[in-house]
Amino acid sequence: WELIERHIDVVGSAPDTSILVGDDNAENILIAAYAYKRRADEFESCIEDTAVELTDKIHGNFLTWDIPEGVWRIFFYYKSRQGAKYDYIDMINPESVKVLIDSVYEGHFARYSKYFGNTFAGFFTDEPEFGNQVFGKERFDFGFYEARVGKHSLSLPWNENLLGKMTEKLGYSPIKHLNLLWYEDGENGDVQAEIRHAYMDSVTELYSECFNKQIADWCHAHGVEYIGHVIEDMNCHLRGGVGHYFRAVRWQDMSGIDIVLHQILPGMADYLHTVTCATGVGAGSFYEYILAKLGASLAHLNPAMKGRAMCEVFGAYGWGEDSSMMKFLIDHLLVRGINFFIPHSFSPKFPDYDCPPHIGAQGYDPSLEAETATVAGVTCSMRASSA
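Parameters at a glance
- Residues numbered from 1 in each chain as written.
- Predicted model: local features only at pLDDT ≥ 70, side-chain atom pairs only at ≥ 80, totals over all residues.
- Heavy atoms only, no water.
- Core = buried A, V, L, I, M, F, W, Y, C linked by side-chain atoms within 4.5 Å.
- Buried < 20%, exposed > 50% of the residue type's maximum accessible area, 1.4 Å probe, protein only.
- Helix = DSSP H or I, 4+ residues; strand = E, 2+ residues; numbered from the N terminus.
- Contact = heavy atoms within 4.5 Å.
- Salt bridge = Lys/Arg side-chain N within 4 Å of Asp/Glu carboxyl O.
- Phe/Tyr/Trp six-rings, centres within 6.5 Å; stacked < 30°, edge-to-face > 60°.
- Pairing = 2+ DSSP bridges.
- Axes fitted to C-alpha atoms, helices over the stretch in contact; angles between N-to-C directions.
- Right-handed = clockwise from strand over helix to strand, strands pointing away.

A. Highlighting the nonpolar core. Ranked by size, the top nonpolar core spans 78 residues in total, and within it Y77, L181 and Y199 carry the most contacts. Broken down by element, this core gets its largest block of residues, 13 residues, from helix α3 (residues 189–221). Setting aside residues no more than four positions away along its own chain, Y199 makes contact with V149, L156, P157, W158, L162, M166 and L181. One finds A14, L54, I58 and Y78 within the second-largest nonpolar core, a separate group that totals 17 residues.

This is how it looks when you write it as structure tokens:
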């Protein structure tokens, strides 16, 4: 479930005005409707202290209101299942995560329990997220790394537990202030800051409790460990990815990151440079100076991790990644405190653009000096004969 908003601007005075309301149905449940007076000198901002609740003025598909003098924006807040990833797991709902555990983890235990804790070390979670952004083959928002509270039209994770946490932290219900999750308050920045902070504080606590801790508790109860990493790219670990790196992987047995897709390139530490991940642009400074230290710091701060900091490495560098490049990546990570490495899968398919260079690779090896050949559209060095 996610929180979405729909709004309309109206001008008064206009007595007995009827406004068509969007569908209130099983997948779009109306939470409340509020009107806020607009300021002419502030682009799209609303003045919070003029909020007028209109929820009780909705009858059927119409809202009827005697619009006062001035320009007003009417917000309709919905609890919705029609957000960006409408078929994705609900990370802040313990029952949704329990479905995952029952379907996947219990299934593995039922079949392989005798191997748990000996042959079978545990489980790895790869790049979980809130799933409230457009990211897929058919639809894609190239600004999704920058998605955060304050982005217009962004759907936000939501449920009653989140509302309860926010109310407890704030000392009052946030419902009439929900507009501040998307729009600036031109007059009262303190309330805006309170609302946004309470939201992020609450949603990241719920993620940690409902997803990360619940899976870790199951693993530990069954004698295995739990590791993995979230989406950290371009600092999005503190925005739309999971909102808070340290809370998101708090209950794992190792901290975790990944370095893939040309995110680290020699000599590019202080440049925005091309990468092959989502937006095509990588901030060299983040990958050079910050990412590995996130993992190493958490491993030192959390005694249960025993100093273990993991990195999934080598993936999707393709034929530009020879053995010297692999050594460069490992050296980079080692000196920054990463001490466990999981090589991104070596694929039997040749060539596989998502994977590292292929062991053997049918006689082709990018590390050797030889003539250049093009195989299946991939330019690489070619050995004269097999080893």
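B. Region of the structure containing the pattern of salt bridges. Scanning all chains against the criterion turns up 16 salt bridges. Through salt bridges with shared partners, one network takes in K165, K169, D201, E205, E209 and R247.

C. Layout of the packing of aromatic side chains. In this structure the tally under the stated criterion is 19 aromatic pairs. Arranged with centres 5.6 Å apart and planes meeting at 70°, the rings of Y105 and W218 form a pair that is edge-to-face. Placement of Y105 in helix α1 (residues 94–112) and of W218 in helix α3 is noted, with a sequence separation of 113 residues between them. For the pair formed by Y105 and W218, the shared burial category is buried. Judged by centre distance (6.4 Å) and plane angle (75°), the ring pair of F116 and W218 falls under edge-to-face. Of this pair, F116 sits in the loop between α1 and β6 (122–126) while W218 sits in helix α3, and the two are 102 residues apart along the sequence. In textbook terms, an aromatic cluster arises when at least three aromatic residues are bridged by ring pairs, as seen for Y34, Y36, F75, Y77, W182 and Y183.

D. The arrangement of the sheet that holds strand β9 (residues 255–259) in detail. Ordered in space as β9-β12-β13, the 3 strands form an open sheet in which the pairing is parallel. The sheet is open, and its two borders are formed by β9 and β13 (340–343), each paired with just one other strand. The average angle at which neighbouring strand axes cross in this sheet is 20°, direction not considered. Both β9 and strand β12 (residues 309–313) contribute to a ladder of 5 bridges, which runs parallel. Within β12, the residue paired with I257 across the bridge is C311. With respect to the sheet, helix α5 (residues 284–301) is in contact with β9 and β12, its orientation differing from that of β9 by roughly 165°. Strand contacts of helix α6 (residues 323–334): β9, β12 and β13, with the helix running at about 160° to β12, the strand carrying the most contacts.

E. Region of interest: the pairing of strand β8 (residues 225–229). With 4 of 5 residues buried, β8 is to be regarded as a mostly interior element. Where β6 meets β8, 5 bridges bridge the pair, whose relative direction is parallel. Its bridge partner being in β8, F124 is matched across the sheet by I227.

F. Geometry of the pairing of β13. Pairing geometry for β12 and β13, over 4 bridges, is parallel. Paired with V313 across the bridge in β13 is P343. The β-α-β motif built from β12, the intervening α6 and the parallel element β13 has right-handed crossover chirality.

Read these as layout, nothing more, since geometry by itself doesn't imply function.
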